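So the chains spell out like this:
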Amino acid sequence: MHSIFSRLNNGSSLLSSCLMGLLLAVTLSTFVFTAEPQGNLTIGSIRVLEGRNPRRYNQKQEVGVVRFNVTADLTPLFHWNTKQIFLYLQAEYNTTEGVQNDVVIWDRIVRRKEDASINVVAKDKYHLRDVSRTFRGVPHAQYALKYNIMPYVGVLTYGEVARTSEAVVFPKLGEL
Amino acid sequence: MADYINELLEGRIDFEGQKLVEKLMYYVLIASTIAAFITGLALQSLSLTFGTMGLSVAVLAVAIIPPWPAYRSHPIKWLPASPQPGKK
Amino acid sequence: MFSDELKAFRRLGFRHVLLQVLNFASVIASGLMLWKGMSLVTNSESPIVVVLSGSMEPAFYRGDLLFLTNPVSELYKTGDITVYKIPGADIPIVHRVLETRNFPIKDWDPSTSSSPHPVEQKMLTKGDNNHVDDLALYEGLDWLERKHIVGKVRGFMPYIGYHLTILLQNDFPQLKYALLGGLALLALLQRE
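Throughout, residues of each chain are indexed from 1 in the direction in which the sequence is written. The naming scheme follows written order: chains are lettered A onward, ligands numbered 1 onward. Local features in a predicted model are, by the rule used here, given only for residues with pLDDT of at least 70; side-chain atom pairs are given and counted only at 80 or more, and totals for whole chains, interfaces and linings are based on all residues.

Draft legend 1. View of the overall build of chain A. Numbering of helices and strands starts at the N terminus; helices are DSSP runs of H or I of at least 4 residues and strands are runs of E of at least 2. Counting secondary structure elements, chain A contains 1 helix and 9 strands. For chain A, the N- to C-terminal ordering of α and β elements is α-β-β-β-β-β-β-β-β-β. In terms of overall size, chain A is more extended than a compact globule, its C-alpha atoms giving a radius of gyration of 23 Å where 176 residues would be expected to give roughly 16 Å. Viewed in the frame of its principal axes, chain A has a C-alpha envelope of about 85 × 35 × 25 Å. Partly exposed residues are those whose C-beta has more than 12 but fewer than 20 other C-beta atoms within 10 Å; with 20 or more the residue is buried, with 12 or fewer it is exposed, and the C-beta atoms are placed from the backbone. For chain A, the residues scored as buried account for 34% of the 176 residues in total. Excluding contacts between residues fewer than 6 apart, the proportion of contacts in chain A whose partners are at least 24 apart in sequence is 68%. For this measure, only C-alpha atoms enter the radius of gyration; the expected value for a globule follows 2.2 Å times N^0.38, where N is the number of residues. Here, residues touch in the contact sense if the C-beta positions derived from the backbone fall within 7 Å of one another.

Draft legend 2. Main features of the domain arrangement of chain A. Residue and element names in this part refer to chain A. When the domains of chain A are assigned, the result is domain 1 (1–32) and domain 2 (35–169). Segmentation into domains, and thus their bounds, comes from an automatic or database assignment. Measuring from the centre of the C-alpha atoms in domain 1 to the corresponding centre in domain 2 gives 42 Å. Contact residues are listed per partner, giving 4 residues for domain 1 and 5 residues for domain 2. Among the residues making up the side of domain 1 that touches domain 2, the classes are represented as 2 nonpolar, 2 polar and no charged. Residue polarity is assigned by list, with Asp, Glu, Lys and Arg as charged and Ala, Val, Leu, Ile, Met, Phe, Trp, Tyr, Cys and Pro as nonpolar; anything else, Gly included, falls into the polar class.

Draft legend 3. Region of the structure containing the UniProt feature "signal peptide" (unreviewed entry) in chain A. UniProt positions are given in the numbering used here, feature names are shortened, and annotations may be inferred rather than shown by experiment. The feature "signal peptide" (unreviewed entry), as annotated in UniProt, sits at residues 1–34 of chain A in this numbering. With 79% helix and 0% strand, residues 1–34 of chain A has end C-alpha atoms that lie 46 Å from one another.

Draft legend 4. Structural context of the environment of A:Val169. Residue and element names in this part refer to chain A. Among the secondary structure elements, Val 169 is positioned in strand 9 (residues 168–169). The class of Val 169 is exposed, set by 10 C-beta atoms lying within 10 Å. For the pair Val 169 and Val 138, spaced 31 residues apart in sequence, the C-alpha to C-alpha distance is 8.6 Å. Other than its neighbours up to four places away in sequence, Val 169 contacts Pro 139 and His 140.

Draft legend 5. Layout of the interface of chain C and chain A. With 23 residues of chain C at the interface, the matching set in chain A holds 31 residues. Those elements that place two or more of their residues in the side of chain C that touches chain A are strand 4 (89–104) and strand 7 (149–157) of chain C. With 7 residues, the top contributor of residues to the side of chain C that touches chain A is strand 4 of chain C. Classifying every residue of the side of chain C that touches chain A by side-chain character gives 11 nonpolar, 5 polar and 7 charged. Note on pairing: DSSP must find at least two bridges between two strands before they are called paired. Note that strand 7 (residues 154–155) of chain A and strand 7 of chain C share 2 bridges and pair antiparallel. Counted as the bridge partner of A:Val155 is C:Gly155 from strand 7 of chain C.

Draft legend 6. Just helix 2 (residues 14–42) of chain C, in detail. All names here are of chain C. Working rule for helices: expected span equals 1.5 Å times residues minus one. Between its first and last C-alpha atoms helix 2 spans 42 Å; for 29 residues at 1.5 Å apiece the expected length is 42 Å, and the two agree. Along helix 2, only 0 of the 29 residues are buried, which leaves the element largely exposed. Of the residues trailing helix 2, Asn 43 is marked for its positive phi of about 60°.

Draft legend 7. The arrangement of the packing of helix 1 (residues 4–30) of chain A against helix 2 (residues 15–43) of chain B in detail. All axes here are fitted lines through C-alpha atoms, helices being fitted over the stretch that makes contact, and every angle between N-to-C directions spans 0 to 180 degrees. In the contact formed by helix 1 of chain A and helix 2 of chain B, the axes pass within 10 Å of each other and the chain directions differ by 20°. With respect to each other, helix 1 of chain A and helix 2 of chain B are oriented roughly parallel. Viewed along their axes, helix 1 of chain A and helix 2 of chain B form a crossing whose handedness is right-handed. Residues A:Arg7, A:Gly11, A:Leu14, A:Leu15, A:Cys18, A:Gly21, A:Leu22, A:Ala25 and A:Ser29 of helix 1 of chain A form the contact with helix 2 of chain B, whose participating residues are B:Val21, B:Met25, B:Leu29, B:Ile30, B:Thr33, B:Ala36, B:Phe37 and B:Leu41. Across the contact of helix 1 of chain A with helix 2 of chain B, the residue classes tally to 12 nonpolar, 4 polar and 1 charged. In these notes the angle categories are as follows: under 35 degrees is roughly parallel, over 145 is roughly antiparallel, 65 to 115 is roughly perpendicular, and the rest is oblique. Crossing handedness follows the turn of the near helix against the far one: under a right angle anticlockwise gives a left-handed crossing, and clockwise gives a right-handed one.

Draft legend 8. Highlighting the confidence of the model for chain A. Summary statistics for chain A give a mean pLDDT of 90 and a share of 99% for residues scoring 70 or more. Confidence of the predictor at the level of single residues is captured by pLDDT, which takes values from 0 to 100. Across chain A, strand 4 (residues 100–110) of chain A holds the top mean pLDDT of 94, while strand 9 of chain A sits lowest at 88.

Draft legend 9. The sheet that holds strand 1 (residues 38–52) of chain A, seen in detail. Residues and elements named next belong to chain A. Within the open sheet, the 3 strands sit side by side as 1-2-5. Their pairing is antiparallel. One side of each edge strand has no neighbouring strand; the edge strands of this open sheet are strand 1 and strand 5 (117–123). With strand direction ignored, the average angle separating the axes of adjacent strands in the sheet is 20°. Sheet analysis places strand 1 next to strand 2 (residues 60–73), joined by 14 bridges and oriented antiparallel. Bridged to Ile 43 within strand 2 is Phe 68.

Draft legend 10. Broad picture of the interface of chain B and chain A. The interface of chain B with chain A comprises 22 residues on the first partner and 18 residues on the second. With 11 residues, helix 2 of chain B is the single largest residue contributor to the side of chain B that touches chain A. Split by residue class, the side of chain B that touches chain A holds 13 nonpolar, 6 polar and 3 charged.

Draft legend 11. Highlighting the nonpolar core. If you look at the biggest cluster of nonpolar residues, it comprises 69 residues, and the most contacted ones within it are A:Ile85, A:Leu89, A:Ile105, C:Leu66 and C:Val94. For this core, the element with the most residues is strand 3 (residues 82–94) of chain A, which contributes 7 residues. Each of two domains, domain 1 (1–32) and domain 2 (35–169) of chain A, supplies a minimum of three residues to this core. Formed by 5 residues, the second largest nonpolar core is a distinct cluster that contains A:Met1, B:Ile13, B:Ile64 and B:Tyr71. Note on terminology: a nonpolar core is a set of buried residues of type Ala, Val, Leu, Ile, Met, Phe, Trp, Tyr or Cys, with members joined through C-beta atoms within 7 Å.

Draft legend 12. Summary view of the environment of A:Ser45. With respect to the secondary-structure elements, A:Ser45 resides in strand 1. Linking A:Ser45 and A:Asn69, residues 24 residues apart in sequence, is a C-alpha distance of 9.9 Å.

Draft legend 13. Looking closely at the packing of helix 2 of chain B against helix 3 (residues 46–64) of chain B. Residues and elements named next belong to chain B. In contact at an axis separation of 7 Å, helix 2 and helix 3 are set at 165° when each is read in the N-to-C sense. In terms of their interaxial angle, helix 2 and helix 3 are classed as roughly antiparallel. For the pair helix 2 and helix 3, the crossing hand works out as right-handed. A per-class count over the contact of helix 2 with helix 3 returns 15 nonpolar, 7 polar and no charged.

Encoded structure:
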């Protein structure tokens, strides 16, 4: 401590230890904040149209367009360590061949508590496609609204807000 | 001239001053870390926590980095020089 | 300011220099041990990575630190943020899983199979800040597979790697960033 240099040295190493401790405390405090957000999800309509396979340009592929209605209150998820919430709507289905698929069709980034009341009536951002290029082998699908809390520092957490109560059938190509 | 700048940059303080600086550093840093955490947690604002820390660090830096005269008020009392044996 | 220290150094001689070298080497060795230990525990070849691109903004900015795990017993799910490497393009990419397609493995034998689940996963990813999915980044592959993934993001620390990314931009592989980060941490914690 005899010179400015040694005071700076000792001070900065103590400071960095304190900051590490602080970040750890913030991370641990996050586990205290557990909240169950409420929400509702309904599927409006699904149309199966003819489209193109993005992986083989010449191939045709059936594309599913989903219209949905989502209401959710995410405000209880916002605490001091919440940086943003990534909200996503996914379709979950099994094909007759036994392949289990989870496909995200819509997502939104929520950055502030003020924006955390969700009320969306919209069309999907990402259309549904199946690996078999048709929905004939897919009887129906469940839909779930999930979230991912991204903290300022610490552990990422995941959860589910809402889910369709019964599976939604896929119409035939071109039909409503 | 070079000696003067050297001494200015070195910022030497006496032993009592060093003890004081060390105590100050430990207490203030640890106390402000705890205070910053509690304030932020209570008011749910992370920026408040780091703002508090930043302010405390700034004030502490001004208090302990420069060699204030308060840290030089107990200079070392050297014993009088004893006669050199065997020298003229 | 340092002239006294330099004189003392020269006076102590060769052995002292060797001792300093040994000290330095032991710091490096402990850093490496910590790193490899973490890799074993998390089952990931690179358990700490520094974010290099802005494709996951506003969540992850360049210079943020990510902690990864790659649990063998867990299947990857949509919404997971993964770090993956396409063979042939050695830059790790941090993006979110958009689709998972789990194909059942015929004649799956739990004792001999490399997968603890009777499924083979094919996945599609997309960066939060990108408009389109990553298909164009897969270098001809149709889907991302388990073997391409380094790990799933579990924890996050902002800003720490920022200066590292400025200094060592794109010339060095990811592992070296993380190793340096780990060493810096060790150096900070050992106060002399």
